[in-house]
Amino acid sequence: SPRPRMDPAAVFVNLDAALTHVTQRLDALESQLPSMMLQQQKQPQQQQQQQAQDGQQRRRMEQEDAEEEEDDDRAEALRRARLRVSMAYSMGSLYYMLLRSQGAAVADHPVKDDIERVKARMVTIKEVEKQLQAAEDTAAAGPSMRVDTAAAGRMVRAGIGHTGPKLKRPRR
């Protein structure tokens, strides 16, 4: 049997209500994000105090576990934020398209402001993702392997007991 046809205006009224709900949720999430980041920054400090009481092997294991959990928490929060912003942008865009297709004047419609606000949040999320990726890349790169040749020369001269004039290197 064919499905009953719904009034498009009623569908988009429901869509507008859902967009409002998602926007409120995003506002709440955005207000919690700084406190979540601050809390995540405090956690490693508390873990370091605990590790000082334990043995060296146990300290390494706990630190690795804490870093993995922190990374997982950040990644999950970022994934949820990205999903919610994408949903809000999609719903706002659909509503905007409906208004345009009905010939409504959308130049001063509030949905444009909502879409711009969501775009700004998308940019913020992308910046946070870049910062996290840069931090991961820096941590993965490890220490620099650059040799300080001047210091190495001094150590060699001191090690062989050279006290005479500085030796000249042949020019190439």
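Residues numbered from 1 in each chain as written. Predicted model: local features only at pLDDT ≥ 70, side-chain atom pairs only at ≥ 80, totals over all residues. Heavy atoms only, no water.

The next subject is the overall build of the protein. A count of helical and extended segments in the protein gives 4 helices and 0 strands. Ordered by position in the sequence, the α and β elements of the protein form the string α-α-α-α. By the burial criterion, 19% of the 172 residues in the protein qualify as buried. When the accessible surface of the protein is totalled, it reaches about 13,900 Å², and 53% of it is carbon and sulfur. (Helix = DSSP H or I, 4+ residues; strand = E, 2+ residues; numbered from the N terminus. Buried < 20%, exposed > 50% of the residue type's maximum accessible area, 1.4 Å probe, protein only. Areas by Shrake-Rupley, 256 points an atom, 1.4 Å probe, with all protein chains shown as cover.)

With that out of the way, let us pick up the nonpolar core. Core analysis: the biggest nonpolar cluster contains 19 residues, and A88 and Y95 have the highest contact counts within it. Among the elements of the structure, α1 (8-51), α2 (56-101) and α3 (110-141) are those that each provide at least two residues to this core. A per-element tally of this core places α2 first, with 8 residues. Beyond its immediate chain neighbours, meaning those up to four positions away, A88 contacts L19, V22, L26 and V118. (Core = buried A, V, L, I, M, F, W, Y, C linked by side-chain atoms within 4.5 Å. Contact = heavy atoms within 4.5 Å.)

Across all of its chains, the model carries 5 salt bridges by this definition. R82 is the salt-bridge partner of E129, the closest N and O atoms lying 2.5 Å from each other. Remark: R82 occurs in helix α2 and E129 occurs in helix α3; sequence separation between them is 47 residues. According to the relative accessible area criterion, R82 is partly exposed, its value standing at 38%. A salt bridge links R117 to D114; its shortest N-O distance comes to 3.3 Å. With a gap of 3 residues between them, R117 and D114 both fall in helix α3, about one helical turn apart. The exposure class assigned to D114 is partly exposed, which follows from its relative accessible area of 27%. Connected through shared salt-bridge partners, E76, R79 and R80 make up one network. (Salt bridge = Lys/Arg side-chain N within 4 Å of Asp/Glu carboxyl O.)

For the protein, the mean per-residue pLDDT works out to 76, and 69% of the residues sit at or above 70. Model confidence for the protein, summarised as mean pLDDT per element, is weakest for α1 at 71 and strongest for α3 at 86. (pLDDT = per-residue confidence, 0-100.)

What follows covers a negative patch on the surface. The grouping of E64, D65, E69, D72 and D73 at the surface amounts to a negative patch. Considering the arrangement of structural elements, one finds D72 in helix α2. (Patch = residues over 30% accessible without salt bridge, like charges linked within 9 Å, V, L, I, M, F, W, Y side chains within 5 Å. Lys, Arg positive; Asp, Glu negative; His and termini not counted. Charge placed at Lys NZ, Arg CZ, Asp CG, Glu CD.)

Turning to the environment of L19, a few remarks are in order. With respect to the helices and strands, the residue L19 is situated in helix α1. Expressed as a C-alpha distance, the spacing of L19 and A88, which sit 69 residues apart in the sequence, is 6.0 Å. Non-local contacts of L19, meaning those with residues more than four positions away in its chain, are made with A88, M91 and G92.

For the rest of this paragraph, the subject is the side chain of R121. Its location among the elements puts R121 in helix α3. Overall, R121 belongs to the buried group, its relative accessible area being 9%. For R121, the residues in contact, after removing those within four places along its chain, are T23, L26, D27, E30 and V85.

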